[in-house]
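These are the residues of each chain, in order.
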Amino acid sequence: IVGTEAAGASGYGLTGTYSLEIDQRLEENMETGFRSGLNVPIVLDQPDGTTPEHLAYIASWFEELDDVLFGASWLDPSVGWRAKVDVPSWVAWAMTNEIVANNDAVFFSSVKMTKTPDSASGLGRLHLGPPWDFDLSLGNASAPHDPDELWVFADHSPDPSAVWLTRAM
């Protein structure tokens, strides 16, 4: 995703591109990140989160996502969850991981995301992807896979962090 990395302490510089990852080992690995109000563990890959402004901004942004996704108007296309996320990227991410039966797509770790920058033409959105970590896919996992079932949501219970994806689906 093309965009200017968040590099300022205010304005569009603060709302620039953020590369993020869901990782339940956030605290164990002493990563720079936070847990959303719904307990989704989010690691800041870029910017590295060393400025308090970046960490506060993106944590607040995800609090808004949590609120919108579970709010009364969550299905409203102009103010609901679709106003905060890039739906095609979420669909592509889910389908890619489903097709390759990716055991790592249960929102425990290795779920890459990008929050695009705000601009004069609109607010940034959360993109899922790029797809990542395929070492436990295409039958290379220790657990058997029933090809007649959805991989992420049937064979392997999604991690509680999958609350966004579960709600969106």
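Analysis parameters
- Residues numbered from 1 in each chain as written.
- Predicted model: local features only at pLDDT ≥ 70, side-chain atom pairs only at ≥ 80, totals over all residues.
- Heavy atoms only, no water.
- Core = buried A, V, L, I, M, F, W, Y, C linked by side-chain atoms within 4.5 Å.
- Buried < 20%, exposed > 50% of the residue type's maximum accessible area, 1.4 Å probe, protein only.
- Helix = DSSP H or I, 4+ residues; strand = E, 2+ residues; numbered from the N terminus.
- Salt bridge = Lys/Arg side-chain N within 4 Å of Asp/Glu carboxyl O.
- Contact = heavy atoms within 4.5 Å.
- Pairing = 2+ DSSP bridges.
- Expected span 1.5 Å × (residues − 1).
- Arc of directions from axis to C-beta.
- Phe/Tyr/Trp six-rings, centres within 6.5 Å; stacked < 30°, edge-to-face > 60°.
- Lys NZ or Arg CZ within 6 Å of the ring centre and 35° of its normal.

### Structural notes on the nonpolar core
Counting residues in each nonpolar core, the largest one holds 31 residues, and the members touching the most others are Leu20, Ile58, Phe62, Phe107, Met113, Leu126 and Trp164. Among the elements that line this core, the one with the most residues is helix H2 (residues 52-69), at 7 residues.

### Brief notes about the pattern of salt bridges
According to the stated counting rule, one finds 6 salt bridges in the structure shown. Linking Arg25 and Asp23 is a salt bridge whose minimum nitrogen-to-oxygen distance equals 3.3 Å. What makes Asp23 buried here is its relative accessible area of 6%. One salt bridge in this structure joins Asp45 and Lys112, with 3.2 Å as the shortest N-O distance. Highlighted residues: Asp45 in strand S3 (residues 41-46) and Lys112 in strand S4 (residues 111-115), separated in sequence by 67 residues. Accessibility expressed as a relative area gives 27% for Asp45, which makes it partly exposed. We classify Lys112 as buried; its relative accessible area is 14%. The network of salt bridges with shared partners includes Glu21, Asp45 and Lys112.

### Regarding the environment of Leu75
Structurally, Leu75 can be placed in the loop between H2 and helix H3 (87-99). Setting aside chain neighbours within four positions, we find Leu75 in contact with Trp81 and Arg82.

### Quick word on the pairing of strand S1 (residues 18-22)
When you tally the buried positions in S1, you get 4 out of 5 residues, the bulk of the element. In this structure, S1 lies alongside S4, joined through 5 bridges in antiparallel fashion. Counterpart to Tyr18 in the pairing with S4 is Lys115. In this structure, S1 lies alongside S3, joined through 4 bridges in antiparallel fashion.

### Quick look at H3
Taking 1.5 Å per residue as the helical rise, H3 with its 13 residues ought to reach 18 Å, and the 18 Å between its terminal C-alpha atoms agrees with that figure. Those residues of H3 not exposed but buried are Ser89, Trp90, Trp93, Ala94, Asn97 and Glu98. Projected onto a plane normal to the axis of H3, the buried residues spread over an arc of 165 degrees and lie on a single side. Opposite its buried face, H3 presents the exposed residues Pro88 and Ile99, each directed more than 90 degrees away. Positive backbone phi, approximately 50 degrees, marks Ala101, located one or two places after H3.

### Thoughts on the packing of aromatic side chains
Tallied over the full model, the rule gives 5 aromatic pairs. Judged by centre distance (5.9 Å) and plane angle (50 degrees), the rings of Phe34 and Phe62 are tilted. Placement of Phe34 in strand S2 (residues 33-35) and of Phe62 in helix H2 is noted, with a sequence separation of 28 residues between them. We note that Phe34, like Phe62, is buried. A centroid spacing of 5.8 Å and a plane angle of 50 degrees characterise the contact between Trp81 and Trp90, whose relative ring orientation is tilted. The exposure classification of Trp81 matches that of Trp90, with both residues buried. Arg167 extends its terminal NZ or CZ atom over the ring of Trp74, reaching a point 3.6 Å from the ring centre.

Any link to function would need more than the numbers given here.
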